[in-house]
Amino acid sequence: MHQPSVEPRRSIYYDYQVHAPWLASAHPGEATKKVVIVGAGPVGLTIALELARHGVSSVLLESEQQVSEGSRAIVFTRRSMEILQQVGVDQRITANGLPWRFGNSFYRGQRVFRLEAPHSDDDRFFPMINLQQQYLEQYLVEAASAEPLIDVRWGNRVTAVRQQPGRVHAEVDTPEGPYTIETEWLVSAEGARSGIRSMLDLKLEGASYEGRFVIADIKIDLPLPTERLAFFDPDWNPGNTVLMHREPHGIWRVDYQLPANETPEQALLPEALASRINALLAQIGFANTPWEMDWNSVYSARTLTLPDYVHQRIVFAGDAAHLLPIFGVRGANTGFQDAQSAAWHLAWVINGFVPESFMANYSRERVGAAREIIEESGKSTRFMTPPTRGFRLLRDAVLSLSLSTAFVRPLYHWRTSRPHEYSDSMLNSLGDDNAIFKAGPAHGAPPQNVCLGPDDYLLDHLGGGLDLLYFTQEKSLPASLSEVIAQARTRGLVIRVTAIGAAQVVQGADQTFADTTGHLREQYGVKTQGGGYLLRPDQHICARWVTLDAVRLQAALKKFLN
Ligand SMILES: Cc1cc2nc3c(=O)[nH]c(=O)nc-3n(C[C@H](O)[C@H](O)[C@H](O)COP(=O)(O)OP(=O)(O)OC[C@H]3O[C@@H](n4cnc5c(N)ncnc54)[C@H](O)[C@@H]3O)c2cc1C
């Protein structure tokens, strides 16, 4: 019988709430579910909330009775915030997180590289914001618990799955014993140690690296700004790399590589942790500043993905689908993009707009994203933890040269997580004008946010279905366009039409932005009237036209219909 711990986890800064378990005896007469999601981590929770936006109900099974142990993912990117805005938790993160955009890399006491992540008036969110994962999960849990279409079941552990045509049966163990749940679709979002991945005997492809890292959260009062700090080859940890990040509530993340001959158990001994943290503090000039340990763990860098995320009616997302190194903050941030994508593809299949085979597009696009990340993060991992003597020689040469030579310094800049562009997606419209645009987001790219006024941005008004941006100064939408849109709506598609550029409300549009300065048109590279963009439900661009007409719109929409 599954007995998750009901002792609140220990933390200096976070009060864990233990949720009551969901028990089958209190809910007799269960029907077949549309979607069962296994795992209420950041990915499972976001999938449930996204599905609900598309009107699809789900059951969320979580083995534990409280949110995750330790801060884990602490850096969330702008694109993650844009996705989290869609599910309604962005404001709580902004109110409690620490935004940042600068990073500093040091070698032999000298700053050899300063990272400056781009940020403009058109961005609602900073490039990065730091917040401990427990808070993020808590905000998502509260949003999910308030949503009638989501049934959150704490203390419910999936122990077996069985597929038959059009159905999945899952065995679930609870504090009062097991029960079986039947569902049309099952999403495995159970994290890195996915049991369902093993039950289906699926193998991850890619590489695991030798280097292991200690992560430790300490409470300490350091008068330093919220900027990422990286120290290469410090005297107290020769040949290795050390990272520091500020977190809310007076916590700092210290992240350092273990010497090759040390086991994780040795590295996590209190005296080993204390001596390294004290050495680091001495190095940065805070030798006698008191500190207290909150949480620590060891991890190794892996770049692995399943080659396919959809196996009949079982869909993988997040860490269950791929394991990515945390340099470049890729774990949870990649997971949010999976979540958004998995949810809208599933919702469109369940709502009957597209056939079941449409799920292959989710798999193709997100496996493509994981492979791109693996390629990029492999490079940064090899720089941070050189796997061979050759890589170490090369890395050390860059470190030495950087003291005197400016041009090698950008080699320190490991790329942080960024959204994948679905440039080759089968959903991109082939007969449009993508190739002739001189500016604006291209096929498969995420949208460009634009400031519309005080505390008002374009992306605040988009998402949840297809979005057609139509650039016009006319009083109404052309009748032929309105007709195509009306036809698609009768098939159930949600399409929001946003008219841009007219002083008055445009008839036939759902909303109008005057764009009096022309800034929005400029950002989207639209110079003439009658241009348009079509955005998918995940807001990525799938068509854009210098001149839009009914035939061209119909061709683009056809990609989304049965
Ligand atoms: C020690 C550690 C440190 C990390 N540090 C960072 C970091 O600094 N930066 C970063 O970006 N990322 C970091 N990560 C990675 C980040 O936490 C993950 O990428 C992120 O949590 C993935 O979210 P997920 O929802 O896919 O999986 P998870 O967050 O792992 O959630 C999976 C959920 O599924 C539940 N579950 C598992 N099995 C079952 C089952 N059989 N039945 C029901 N429920 C089940 C689990 O209890 C869990 O709640 C770290 C991870 C770990 C473990």
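Located above this text is the structure these notes cover.
Residues numbered from 1 in each chain as written. Predicted model: local features only at pLDDT ≥ 70, side-chain atom pairs only at ≥ 80, totals over all residues. Heavy atoms only, no water.

**Quick notes on the overall build of the protein chain**
Counting its secondary structure elements, the protein chain contains 13 helices and 26 strands. The C-alpha atoms of the protein chain give a radius of gyration of 25 Å, which matches the 24 Å a tight globule of 562 residues would have. Seen through its C-alpha atoms, the protein chain measures out along the principal axes to roughly 75 × 65 × 40 Å. Within the protein chain, the fraction of its 562 residues that count as buried is 58%. Long-range pairs, those at least 24 residues apart, make up 73% of the contacts in the protein chain with a sequence separation of at least 6. Taken as a whole, the protein chain presents about 22700 Å² of accessible surface, with 51% of it coming from carbon and sulfur. Charge-centre separation for the protein chain: the mean point of 53 positive side chains lies 5 Å from the mean point of 62 negative side chains. (Helix = DSSP H or I, 4+ residues; strand = E, 2+ residues; numbered from the N terminus. Rg over C-alpha atoms; globule rule 2.2 N^0.38 Å. Buried < 20%, exposed > 50% of the residue type's maximum accessible area, 1.4 Å probe, protein only. Contact = heavy atoms within 4.5 Å. Areas by Shrake-Rupley, 256 points an atom, 1.4 Å probe, with all protein chains shown as cover. Lys, Arg positive; Asp, Glu negative; His and termini not counted. Charge placed at Lys NZ, Arg CZ, Asp CG, Glu CD.)

**Notes on the pairing of strand β6 (residues 110–116)**
Consecutive residues of a regular strand have side chains that alternate between opposite faces of the sheet. Pairing of strand β5 (residues 102–107) with β6, which is carried by six bridges, proceeds in the antiparallel orientation. The residue bridging serine 105 from the neighbouring strand is phenylalanine 113, located in β6. With antiparallel pairing between neighbouring strands as the criterion, β5 and β6 make up a hairpin whose turn holds two residues, including arginine 108 at a positive phi of roughly 50 degrees. (Pairing = 2+ DSSP bridges.)

**Observations concerning the environment of threonine 183**
In this structure, threonine 183 sits in strand β11 (residues 177–188). What makes threonine 183 buried here is its relative accessible area of 0%. Through-space distance from the C-alpha of threonine 183 to that of arginine 313 is 9.1 Å; in sequence the pair is 130 residues apart. Ignoring any residue separated from it by four or fewer positions in sequence, one finds threonine 183 in contact with Thr32, Lys33, Lys34, Val35, Val36, Gly166, Arg167 and Val168.

**Quick notes on the nonpolar core**
Core analysis: the biggest nonpolar cluster contains 109 residues, and Ile47 and Leu534 have the highest contact counts within it. Per-element tally for this core: the top contributor is helix α8 (residues 331–350), with 11 residues. Beyond its immediate stretch of four places on either side in the chain, leucine 534 contacts Leu466, Asp467, Leu468, His540, Ile541, Cys542, Ala543, Trp545, Ala556, Leu557 and Phe560. Of all hydrophobic cores here, the second largest spans 22 residues; its members include Ala216, Phe231, Leu280 and Val298. (Core = buried A, V, L, I, M, F, W, Y, C linked by side-chain atoms within 4.5 Å.)

**With respect to the sheet that holds strand β22 (residues 466–471)**
Spatially, β24-β23-β22-β25-β26 is the arrangement adopted by the five strands of the open sheet, whose pairing is mixed. Each end of this open sheet is capped by a strand with a single partner; those strands are β24 (511–513) and β26 (541–545). Each strand axis lies, on average, 15 degrees off the axis of its neighbour in the sheet, ignoring direction. As judged from the six bridges shared by β22 and strand β23 (residues 495–500), these two strands associate in the parallel manner. In the sheet register, leucine 469 faces β23, and the bridge partner there is threonine 498. (Axes fitted to C-alpha atoms, helices over the stretch in contact; angles between N-to-C directions.)

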